[in-house]
Amino acid sequence: MVKICCIGAGYVGGPTMAVIALKCPQIEVAVVDISVSRITAWNSDQLPIYEPGLDDVVKQCRGKNLFFSADVEKHVSVADIIFVSVNTPTKTQGLGAGKAADLTYWESAARMIADVSKSDKIVVEKSTVPVKTAEAIEKILTHNSKGIKFQILSNPEFLAEGTAIQDLFNPDRVLIGGRETPEGTKAIQALKDVYAHWVPVERILCTNLWSAELSKLAANAFLAQRISSVNAMSALCEATGADVSQVSHSIGTDSRIGPKFLNASVGFGGSCFQKDILNLVYICQCNGLPEVANYWKQVIKVNDYQKSRFVNRVVSSMFNTVSGKKIAVLGFAFKKDTGDTRETPAIDVCKGLLGDKARLSIYDPQVTEGQIRRDLSMKKFDWDHPIHLQPNSPTAIKQVSVVWDAYEAVKDSHGICILTEWDEFKTLDYERIYQNMQKPAFVFDGRNIVNADKLRQIGFIVYSIGKPLDP
Ligand code: NAD
């Protein structure tokens, strides 16, 4: 029986391995993590992450051929294929701080693999890493092992949170990069054989190591760039009377452009887009390509601009001050169908409003009060680009209440900010909401999900991103 071990039981490691276990009943899959609480949650009825369809997949295989364990070394030592799916955040100190990827977790995983391995292994980069990381990993492994052979593969993950299970069941492509040697080719084939259980072979792309590593950074940069492009257009729409939805539709029907990822919004978030672009910027700078670095940096600048533009719009619409006014924040996660708040635009928007002394009442169906308070009390790191939002003080945090119902959040408020596109916000009883709000009642739709005309008929003053302003 082939044995797979995945180091890192997070948003990627957990779902990815659960799907491999489901699709390959003859493979034994162990997911290991140094976080005992995370492993305990994976072994309970309350999984550590919210992802539609995940519970079902885990329930079908857990205890059969899928195991979650904090005994990292035991499972690594016996595995044939080791996926490494640890976090690779942005460095906050030292050389490259604010841009470079922090590979501390990766390096410690690699040293441990070398230490405990007693047989030859395939080590798979599942985490998103800078291009050329495999070279460093090879050095660490070969210099620390006792005659054991390691083949490094790059197999970046392209799933999107909120649709992870769907994406894993039916991926656009699976990318495998490896050394162009007989051993490398053999390792690529071994990993290909795993995916071939459910992924059509023509969707399994094989490249050299560096192309695979760089493709992941490139994919995230391109996706984020589309969002920043349409958001930049949304600002121009507001200035000119054009409607960004009409512009998106018009350009998206061009088959060279395509319709996806053209929704204007308050900005992108999530743990990956900003981190991976910063990393790309750093790699460009290190390779003597400052113009290319500046090009990609602009994607983040526009994203920050969009968030501060939203805050400015809220404050200026509400007669230039939100001081003491209650504002309901609907949605805190960085997108719908996840409880993940990493780099969510809601953090910067809430901080901006708190900076003007608003009182916030926040509701998100999947984010806990503890998480929201933690996120809002964290100081924003200076990413070396202008962000005009205030850092938060402990006093400001007292201006925040977190509630478990949208109607409770909006009661007596002066305005509503919709920051996550949860489906339930589209179908709220806005007549009832209007009755219970201070007047004039404002809606600032940061995701363009409500019917603005209908809300205006009720009496709301509505701001939608990139749309003609309230008449
Ligand atoms: P995560 O923080 O949810 O999970 C990482 C896990 O690794 C944590 O539970 C941590 O405790 C564990 N870990 C760290 N060092 C360890 C060690 N030495 N031994 C054992 N466990 C260790 O991160 P994530 O969102 O799953 O992302 C993982 C990687 O995948 C990152 O590189 C990320 O950029 C990439 N990625 C993420 C997504 C996404 O949507 N979240 C999508 C594609 C790629």
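Conventions we followed
Residues numbered from 1 in each chain as written. Predicted model: local features only at pLDDT ≥ 70, side-chain atom pairs only at ≥ 80, totals over all residues. Helix = DSSP H or I, 4+ residues; strand = E, 2+ residues; numbered from the N terminus. Rg over C-alpha atoms; globule rule 2.2 N^0.38 Å. Buried ≥ 20, exposed ≤ 12 C-beta atoms within 10 Å, placed from the backbone. Contact = placed C-beta atoms within 7 Å. Pairing = 2+ DSSP bridges. Right-handed = clockwise from strand over helix to strand, strands pointing away. Core = buried A, V, L, I, M, F, W, Y, C linked by C-beta atoms within 7 Å. Near = placed C-beta within 6 Å. Nonpolar A, V, L, I, M, F, W, Y, C, P; charged D, E, K, R; others polar. Domains from an automatic or database assignment. Axes fitted to C-alpha atoms, helices over the stretch in contact; angles between N-to-C directions. Parallel < 35°, antiparallel > 145°, perpendicular 65-115°, else oblique. Left-handed = near helix turned anticlockwise from the far one by under 90°.

Along the protein chain, the regular secondary structure elements total 18 helices and 14 strands. Since a compact globule built from 471 residues should have a radius of gyration of about 23 Å, the 24 Å found for the protein chain is in line with a globular shape. In terms of its C-alpha atoms, the protein chain occupies a principal-axis envelope of roughly 75 × 50 × 45 Å. A buried classification covers 48% of the 471 residues belonging to the protein chain. For the protein chain, restricting intrachain contacts to residue pairs at least 6 apart in sequence, the fraction spanning at least 24 positions comes to 76%.

Another point: the pairing of strand β5 (residues 121-125). In terms of burial, β5 is a largely internal element, five of the five residues being buried. The two faces of β5 match: Lys121, Val123 and Glu125 on one face and Ile122 and Val124 on the other face are all buried. Inspection of the sheet shows strand β4 (residues 81-84) paired to β5 by four bridges, in the parallel sense. When the sheet's bridge partners are listed, Ile81 is paired in β5 with Ile122. Here β5 pairs with strand β6 (residues 150-154) via five bridges, running parallel. Along β6, the bridge assignment pairs Ile122 with Gln151.

What follows covers the pairing of strand β8 (residues 204-208). As defined by bridge partners, strand β7 (residues 174-178) adjoins β8 across five bridges and the pair is classed as parallel. The residue bridging Gly177 from the neighbouring strand is Thr207, located in β8. You can see the chain leave β7, run along helix α8 (residues 182-195) and come back into β8, and the turn it takes is right-handed.

Moving on to the nonpolar core. With 72 residues, the main nonpolar core has Val329, Leu330, Leu353 and Cys417 as its most contacted residues. It is helix α12 (residues 290-317) that contributes the most residues to this core, eight residues altogether. With near-sequence residues (within four places) excluded, Leu353 lies in contact with Val311, Val314, Val322, Ile327, Ala358 and Leu360. In this structure, Cys5, Ile27, Val86 and Ile152 belong to the second largest nonpolar core, which totals 62 residues.

A few words on the site of the ligand. Not every one of the 27 residues close to the ligand is listed here, only the nearest: Gly8, Gly10, Tyr11, Tyr105 and Ser127. Across the shell around the ligand, the residue classes break down as twelve nonpolar, eleven polar and four charged.

This part covers the domain arrangement of the protein chain. The domains assigned to the protein chain are domain 1 (3-199) and domain 2 (220-464). Each side of the interface is counted separately: domain 1 has 18 residues, and domain 2 has 20 residues. Looking at the side of domain 1 that touches domain 2 residue by residue, the class counts come to nine nonpolar, six polar and three charged.

Another aspect to go through is the packing of helix α5 (residues 104-116) against helix α6 (residues 133-144). Interhelical geometry of α5 versus α6 gives an angle of 30° and a closest axis separation of 8 Å. Regarding the angle of α5 to α6, the classification is roughly parallel. Handedness of the α5/α6 crossing: right-handed. On the side of α5, the interface is formed by Glu107, Ala110, Arg111, Ile113, Ala114 and Asp115, while α6 contributes Ile137, Ile140, Leu141 and Asn144.

This brings us to the packing of helix α9 (residues 209-240) against helix α10 (residues 244-252). The contact between α9 and α10 brings their axes to 9 Å, and the two run at 135°. Relative to α10, the element α9 is oriented oblique. Both α9 and α10 take part in a crossing whose hand is right-handed. Along the contact surface, α9 presents Val230, Met233, Ser234 and Cys237, while α10 presents Val244, Val247 and Ser248.

With that settled, the discussion passes to the sheet that holds strand β9 (residues 326-330). Pairing in this open sheet of six strands is parallel, and the strands run β11-β10-β9-β12-β13-β14 from one edge to the other. Since the sheet does not close on itself, it has two edges, and those belong to β11 (400-402) and β14 (461-464), each with one partner. Taking the axes of each pair of neighbouring strands and ignoring which way they run, one obtains an average angle of 15° across the sheet. Examined bridge by bridge, strand β10 (residues 359-363) and β11 share three bridges and lie parallel to one another. Bridge assignment links Leu360 to a residue of β11, and that residue is Val400.

Turning to the environment of Asp429, a few remarks are in order. With respect to the secondary-structure elements, Asp429 resides in the loop between β12 (415-418) and α17 (430-435). Taking the C-alpha atoms as reference points, Asp429 and Tyr407, 22 residues apart in sequence, are found 8.8 Å from one another.

With respect to the helices and strands, the residue Met17 is situated in helix α1 (residues 13-23). Accessibility expressed as a C-beta count within 10 Å gives 30 for Met17, which makes it buried. With 14 residues separating them in the primary sequence, Met17 and Val31 have C-alpha atoms 7.1 Å apart. Ignoring anything within four residues of it in the chain, the contact list for Met17 reads Cys6, Val29, Val31 and Leu66.

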